[in-house]
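# Tertiary structure, described
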Amino acid sequence: MTKADWTTIEALPSPRLETLFAEDAARLASFSVDVAGLHFDWSKTHLTADAVAAFTALAKAQDLHGKREALFAGEIVNTSEGRAVTHVAERGEGSTDDVARARVLHARMRALIDAIEAGALGEIRHVLHVGIGGSALGPNLLIDALGREDSRYEVAIVSNIDGAALEEVFAKFDPTATLLVIASKTFTTKETLTNADSVLQWMGEHGVEDAYGRVVALTADPDKAVEWGVDETRVLPFAESVGGRYSLWSSIGFPAALALGWDTFEELLDGAGEMDRHFRQTSLSQNAPVLAAFADLYYTQVRSCETRATFAYDERLRLLPSYLQQLEMESNGKGATIDGEAVGRPTAAITWGGVGTDAQHAVFQLLHQGTHLVPVEFVAVIEPGDTLSEEHHRQLLLNAFAQGAALMKGRPNDDLARSYAGDRPSATILLEELDARTLGALIAFYEQRVFVNGVLLGINSFDQFGVELGKEMAKAADAGGQDFDVSTTDLIARAGLA
């Protein structure tokens, strides 16, 4: 990445948003994209034709086209770990071999679901899924978004090692009708296995004679799962090349496929595949993930924005901001390039957000009048998710759209406490309806957007070494072999852990 590439971008003018609309009658059409039941509108961002051209030149210099093809071809793109990245194959868009392997593993998962539905494991009414990070966030999002009315099992997803999280589930579930699902890529995750042990103990204490007979393992290391005690027939593998935060398309999606039905899971994959094809085949100027990444980089590199906020104006998508936090910050929160050099510029923005209209009465004060410039993303759904008076959904959508308009327009006032500066950017993603297909497309959009950001910044979006040090120190402290600073040593002693 040469300095000239970024110099062109950094020299872009920054006219007010209202000026951009006034000077270009076709602005809305130029910065809107429709794909897979989703409408994207970036017209209220500071993207311009010149900005798109500058970022397109950067994309060419960084070989976005070649790296995109390498991703879909199953070549090694996670260079620091020497791995391919094959989550796209889970939805049918990778190399022939990777797609074939994914289909075999999906068939294995479906067969187990069929067996459970046929009563092979006895009566199952509750599913307790233990995992953490990518092993929990994806399934939790899917079930919360799509399973509020149609879930065939009561599902609880527990990630926290805090025992209060498990005890809350124990109070609700019947241990004799519970299926334990353990999700761990390596099957060595301390938090997950500790939680699993406690679930088995709870089941045993309440009359389940063969608790291990009601365990399903989701992992990229099936031998470890078998060694731990799970019968091989109930181990659902996924490829080592499927990263945790990209894994909901694999067997990690098992609780969603079980609870929502296989047809729904396939529709999720189909929607994601449609977005993958759009990303792979569409010109950069009309490519949804690419335009989103261009806007992301404009605000981090040109306007020095350190955060970006996503607000879901639909209760069913309340977990989306949490899901995106891991996806975006674990992927692109890096300080080194793929060549091992310091990046020397901002990488991922800090991702945060919430649910509208709640957030309007909590954080929008800062967005409208605070001293931080925060690009905002609104996600809304045209078709309501409830059967109450249509006034509920009407007011929900009007609030979402009005917030974007107010951020852009502002309102000057001689009284600074009542003055709105305006010229504050927002993008809107509007789904026709929230179903498995559109949700799959939405999540795939965010994944490919992360990939484009990583390529243009010259970083590896698929490793996550930053999460390891604290875990290693915790394990060493547990074994009594870690020397800490005086503050940490004192805290451990005060908590009675020494």
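Given the structure is predicted, the values throughout are model-derived calculations rather than measurements.

This part is about the packing of helix α12 (residues 262-281) against helix α17 (residues 436-457). With their axes 7 Å apart at the nearest point, α12 and α17 run at an angle of 40° to one another. In terms of orientation, α12 and α17 fall into the oblique class. Note that α12 runs across α17; the crossing there is right-handed. Seen from α12, the contacting residues are Thr 264, Glu 267, Leu 268, Gly 271, Ala 272, Glu 274, Met 275, Asp 276 and Phe 279; seen from α17, they are Ala 436, Arg 437, Leu 439, Gly 440, Ala 441, Ala 444, Phe 445, Gln 448, Phe 451 and Val 452. Here the contact of α12 with α17 is composed, by residue class, of 11 nonpolar, 4 polar and 4 charged.

Here we come to the sheet that holds strand β10 (residues 307-313). As summarised here, the arrangement of the 6 strands in space is β1-β2-β13-β12-β10-β11, forming an open sheet in which the pairing is mixed. The open sheet is flanked by β1 (32-35) and β11 (350-355), the only strands paired with a single partner. Taken over all neighbouring pairs, the strand axes of this sheet differ in orientation by 15° on average, direction set aside. Pairing geometry for β10 and strand β12 (residues 376-381), over 5 bridges, is parallel. If you follow Thr 310 over to β12, its bridge partner there is Glu 377. Contacts between helix α16 (residues 390-409) and the sheet are confined to β10, β12 and β13 (426-431), with β12 contributing the most and set at about 160° to the helix.

The next thing to look at is the nonpolar core. Ranked by size, the top nonpolar core spans 106 residues in total, and within it Phe 40, Trp 42, Phe 254, Leu 439 and Phe 445 carry the most contacts. Among all residues touching Trp 42, those that are not within four sequence positions of it are Arg 27, Phe 31, Val 33, Leu 47, Ala 288, Leu 291, Ala 292, Ala 295, Ala 427 and Phe 445. If you look at the next biggest cluster of nonpolar residues, it comprises 25 residues, including Ala 156, Leu 180, Ala 211 and Val 235.

Right, let's talk about the pairing of strand β7 (residues 178-183) for a bit. Taken across its 6 residues, β7 has 6 buried, putting it largely inside the fold. Here β7 shows a buried face lined by Thr 178, Leu 180 and Ile 182 and a second buried face lined by Leu 179, Val 181 and Ala 183. In this structure, strand β5 (residues 126-130) lies alongside β7, joined through 5 bridges in parallel fashion. Within the sheet, the bridge partner assigned to Val 130 lies in β7 and is Ile 182. With 4 bridges connecting them, β7 and strand β8 (residues 215-219) associate as parallel partners.

For the rest of this paragraph, the subject is the pairing of β5. With respect to burial, β5 is a largely interior element, 5 of its 5 residues being buried. Taking every second residue as pointing to the same face, both faces of β5 are buried, with His 126, Leu 128 and Val 130 on one and Val 127 and His 129 on the other. Sheet analysis places β5 next to strand β6 (residues 154-158), joined by 5 bridges and oriented parallel. Paired with His 129 across the two strands is Ile 157, which belongs to β6. Following the chain from β5 across helix α7 (residues 134-146) to the adjacent parallel β6, one finds a crossover that is right-handed.

Another aspect to go through is the packing of aromatic side chains. Applying the stated criterion across every chain, the model contains 17 aromatic pairs. Ring centres of Phe 72 and Phe 279 lie 6.3 Å apart, and the angle between their planes is 40°; this geometry places the pair in the tilted category. Residue Phe 72 is found in helix α5 (residues 64-73), and its partner Phe 279 is found in helix α12; the two are separated by 207 residues along the sequence. One exposure class covers both Phe 72 and Phe 279, and it is buried. For the ring pair Tyr 212 and Trp 228, a centre distance of 5.7 Å and an interplane angle of 55° mean the geometry is tilted.

Bringing the sheet that holds β6 into the picture now. Taken together, 5 strands build an open sheet; the order of strands is β6-β5-β7-β8-β9 and the sheet is parallel. Bordering the open sheet on either side are β6 and β9 (235-237), each of which pairs with just one other strand. Strand after strand, the sheet turns through a mean of 15° between neighbouring axes, direction not considered. Across the sheet, helix α8 (residues 163-170) lies against β5 and β6, angled at about 170° from β6, the strand it touches most. Sitting on the sheet, helix α9 (residues 190-205) touches β5, β6, β7 and β8, and the angle it makes with β7 is about 165°.

Between two packed helices, the angle of one axis relative to the other and the distance separating the axes together describe the packing. Two numbers describe how α7 lies on helix α14 (residues 320-332): the axes approach to 10 Å, and their chain directions differ by 150°. Considering their axes alone, α7 and α14 lie roughly antiparallel with respect to each other. Crossing handedness for the pair α7 and α14: left-handed. Two secondary-structure elements touch here, α7 through Gly 134, Leu 137, Gly 138 and Leu 141 and α14 through Leu 320, Ser 322, Tyr 323 and Gln 326. Split into classes, the residues belonging to the contact of α7 with α14 amount to 4 nonpolar, 4 polar and no charged.

So, about the environment of Thr 351. Relative to the elements of secondary structure, Thr 351 occurs in strand β11. Judged by relative accessible area, Thr 351 falls into the buried class, the value being 3%. Separated by 26 residues in the primary sequence, Thr 351 and Gln 325 place their C-alpha atoms 5.3 Å from one another. Setting aside residues up to four positions removed in sequence, Thr 351 forms contacts with Arg 308, Leu 324, Gln 325, Glu 328 and Met 329.

Conventions we followed
- Residues numbered from 1 in each chain as written.
- Predicted model: local features only at pLDDT ≥ 70, side-chain atom pairs only at ≥ 80, totals over all residues.
- Heavy atoms only, no water.
- Axes fitted to C-alpha atoms, helices over the stretch in contact; angles between N-to-C directions.
- Helix = DSSP H or I, 4+ residues; strand = E, 2+ residues; numbered from the N terminus.
- Parallel < 35°, antiparallel > 145°, perpendicular 65-115°, else oblique.
- Left-handed = near helix turned anticlockwise from the far one by under 90°.
- Contact = heavy atoms within 4.5 Å.
- Nonpolar A, V, L, I, M, F, W, Y, C, P; charged D, E, K, R; others polar.
- Pairing = 2+ DSSP bridges.
- Core = buried A, V, L, I, M, F, W, Y, C linked by side-chain atoms within 4.5 Å.
- Buried < 20%, exposed > 50% of the residue type's maximum accessible area, 1.4 Å probe, protein only.
- Right-handed = clockwise from strand over helix to strand, strands pointing away.
- Phe/Tyr/Trp six-rings, centres within 6.5 Å; stacked < 30°, edge-to-face > 60°.

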